[in-house]
Amino acid sequence: MADHDAFAHDLAALLTGRAFVDLSDYRKVRVHGGDAVSWLHDLLTADIAGLRPGGSCRSLLLTPTGRIRADVQVLRRDDDVVLTQAPDQPDHIGLLLGPYVLSSDVLLEDATGDLALFAVPDAAASSIGLPGFEPSTLGPGLDLLAAQGKPAWRVEDALVKAALLESSVASAEAWRIIHGIPRMGPDFDQRSLPSEAALDATIDTTKGCFLGQESVARIANLGHPPRVLRHVTCAAPFVPGAPVFANGEPVGHVTSAAPLPDACVGLVRIAWSSVGTRLTDAAGHPFDDASTVG
């Protein structure tokens, strides 16, 4: 009961912008040099050139066939760009990008051990009095970067003095699922297309070339991907891997799940053919749209 109460307390703090998460174990790659921004803009899916210092965006590195190789957050600083990446992703973004440097004026440095990273979900810089990058690596909210050692200690001390609670990993994961934010690993993998992973927003369709652009455009012209993610809630509990049904037939499965006080919320991957039909679990309990949860 004590563990459950602590989890609920942490989650409530996250959902109201009153908690932070230490993401210092995330991979961090510093990209600098005269061509750094334009080079990244030509490789990643998002509008990197349009970022201003203090801004950030989620972006993807794709294969030539449009599959997701890496999912990163791009943090723009005055003199460089820092890419953050969850440590459980299969391939390090720095190693993936390295072969593309060639003659460009670009340097890649692994700054994972040099920089601390703190995320303050559902909060803005004005609410905590510290400069940072918006949105956060986790989603809605703020990221704070600091050199390891005393600078990082000072940032963490400032967060605590601002009455922010340090959140547990479990509650941060539940916060993600409540917000319906897909994560590489549970919700999609390196075989996935951006449109299958509900990541169309990471793609700037107005810019010039990026890796995999032709394949992304081809899929868009076909009208839909073979599978999609949906953010759902259900009165009955469910767990990752549980089957999802439509008209009594299996059409997909649960990829992520988190408990709520009177329900369960999660992400499900279903066949495109079942979009718009009534989804249920094996016992017939309906999955409803979760867009208003949280």
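For the structure itself, consult the block above.
Residues numbered from 1 in each chain as written. Predicted model: local features only at pLDDT ≥ 70, side-chain atom pairs only at ≥ 80, totals over all residues. Heavy atoms only, no water.

> Residue-level account of the overall build of the protein, with values.
Helix and strand counts for the protein stand at 7 helices and 15 strands. For the protein, the C-alpha atoms occupy an extent of roughly 60 × 50 × 30 Å along the three principal directions. Looking at the protein as a whole, 50% of its 294 residues qualify as buried. Summing over all exposed atoms, the protein offers an accessible surface of approximately 13,500 Å²; the carbon and sulfur share of this is 56%. Between the averaged position of the 22 positive side-chain charges in the protein and that of its 36 negative side-chain charges there is a distance of 3 Å. (Helix = DSSP H or I, 4+ residues; strand = E, 2+ residues; numbered from the N terminus. Buried < 20%, exposed > 50% of the residue type's maximum accessible area, 1.4 Å probe, protein only. Areas by Shrake-Rupley, 256 points an atom, 1.4 Å probe, with all protein chains shown as cover. Lys, Arg positive; Asp, Glu negative; His and termini not counted. Charge placed at Lys NZ, Arg CZ, Asp CG, Glu CD.)

> Can you break down the side chain of Asp204 residue by residue, with the values?
Counting through the fold element by element, Asp204 comes out in the loop between α6 (169-178) and α7 (213-222). Buried within the structure, Asp204 lacks any salt-bridge partner; its nearest side chain of opposite charge belongs to Lys207, at an N-O separation of 5.6 Å. Of the polar contacts made by the side chain of Asp204, one reaches the side chain of Thr206; its length is 2.7 Å. Setting aside residues no more than four positions away along its own chain, Asp204 makes contact with Thr45, Ala46, Asp47 and Phe210. (Salt bridge = Lys/Arg side-chain N within 4 Å of Asp/Glu carboxyl O. Polar contact = N/O pair within 3.5 Å; in protein donor to acceptor, adjacent residues only side chain to side chain. Contact = heavy atoms within 4.5 Å.)

> An account of the sheet that holds strand β6 (residues 107-110) is requested, with residue identities and associated values reported.
Each strand in a sheet pairs with its neighbour through backbone hydrogen bonds, running either in the same direction (parallel) or in the opposite one (antiparallel). The strand order β3-β4-β5-β2-β6 describes an open sheet built from 5 strands, whose pairing is antiparallel. The strands lining the two open edges of the sheet, one partner per strand, are β3 (56-62) and β6. For this sheet the average axis-to-axis angle between neighbouring strands, irrespective of direction, equals 30°. Pairing of β3 with strand β4 (residues 68-76), which is carried by 7 bridges, proceeds in the antiparallel orientation. Within β4, the position partnered with Ser59 by the bridge is Val72. Running at roughly 120° to strand β2 (residues 27-32), helix α2 (residues 36-43) makes contact with β2, β3, β4, β5 (81-85) and β6 of the sheet. (Pairing = 2+ DSSP bridges. Axes fitted to C-alpha atoms, helices over the stretch in contact; angles between N-to-C directions.)

> Requested: an account of the nonpolar core, with residues and values cited.
By size, the foremost hydrophobic cluster in this structure holds 26 residues, and its most contacted members are Leu23, Leu138 and Leu145. For this core, the secondary-structure elements that each account for two or more residues are α1 (2-15), β1 (19-22), β7 (115-121) and α6. Per-element tally for this core: the top contributor is α6, with 5 residues. The contacts of Leu138, once residues within four sequence positions are left out, are Val21, Leu23, Tyr26, Ala119, Pro121, Trp175 and Ile181. Counting residues in hydrophobic clusters, the runner-up holds 23 residues, among them Leu40, Cys57, Leu97 and Val106. (Core = buried A, V, L, I, M, F, W, Y, C linked by side-chain atoms within 4.5 Å.)

> Before we move on, could you go through the environment of Phe210 and cite the residues and values that matter?
Looking at where Phe210 falls in the secondary structure, it is placed in the loop between α6 and α7. As for Phe210 and Val244, which are separated by 34 residues in sequence, their C-alpha atoms are 35 Å apart. In this structure Phe210 touches His41, Asp42, Leu43, Leu44, Thr45, Leu62, Ile203, Asp204 and Val216, once residues within four positions along its chain are discounted.

> A description of the layout of surface pockets should follow, citing residues and the corresponding values.
Put simply, the largest pocket is a space of about 720 Å³. If you go around the largest pocket, you meet 32 residues; those closest to its centre are Tyr26, Thr137, Leu138, Arg176 and Arg183. Broken down by secondary-structure element, the contributors of at least two residues to the lining of the largest pocket are β1, β3, β4, β5 and α6. Empty space within the second largest pocket amounts to approximately 300 Å³. What lines the second largest pocket is a set of 19 residues, among which Ser195, Asp200, Ile203, Val216 and Ala220 lie closest to the centre. Residue composition of the lining of the second largest pocket, by class: 12 nonpolar, 5 polar and 2 charged. (1 Å grid on protein atoms, 1.4 Å probe; cavity = no way out; pocket = protein on both sides within 12 Å on 5 of 7 lines; lining within 4 Å. Points joined across faces, edges and corners; volume = space filled by probe spheres on them. Nonpolar A, V, L, I, M, F, W, Y, C, P; charged D, E, K, R; others polar.)

> Talk me through the state of the cysteines; I want residue IDs and the actual numbers.
By the definition in use, this model includes 0 disulfides. There is no disulfide at Cys57, and the cysteine sulfur nearest it, in Cys209, is 18 Å away. Relative accessible area serves as the criterion here: at 15%, Cys57 is assigned to the buried category. With no disulfide partner, Cys264 has as its closest neighbouring cysteine sulfur the one in Cys234, 7.6 Å distant. (Disulfide = S-S within 2.5 Å.)

> Could you give an account of helix α5 (residues 150-161), with specific residues and numbers?
Between the first and last C-alpha of α5 there are 16 Å, a value that for 12 residues agrees with the 16 Å anticipated at 1.5 Å per step. Among the residues making up α5, those that are buried are Ala152, Val155 and Leu159. Within α5, the buried residues cover an arc of 60° as seen down the axis, which keeps them to one side. With respect to the buried face of α5, the exposed residues turned more than 90 degrees away are Lys150, Trp153, Arg154 and Lys161. Following α5 by one or two positions, Ala163 has its phi on the positive side, about 65°. (Expected span 1.5 Å × (residues − 1). Arc of directions from axis to C-beta.)

> Pulling in residues and values, what's your account of α6?
Of all 10 residues in α6, 7 are buried; the element is thus mostly enclosed. Along α6, the residues classified as buried are Ser171, Ala172, Ala174, Trp175, Arg176, Ile177 and Ile178.

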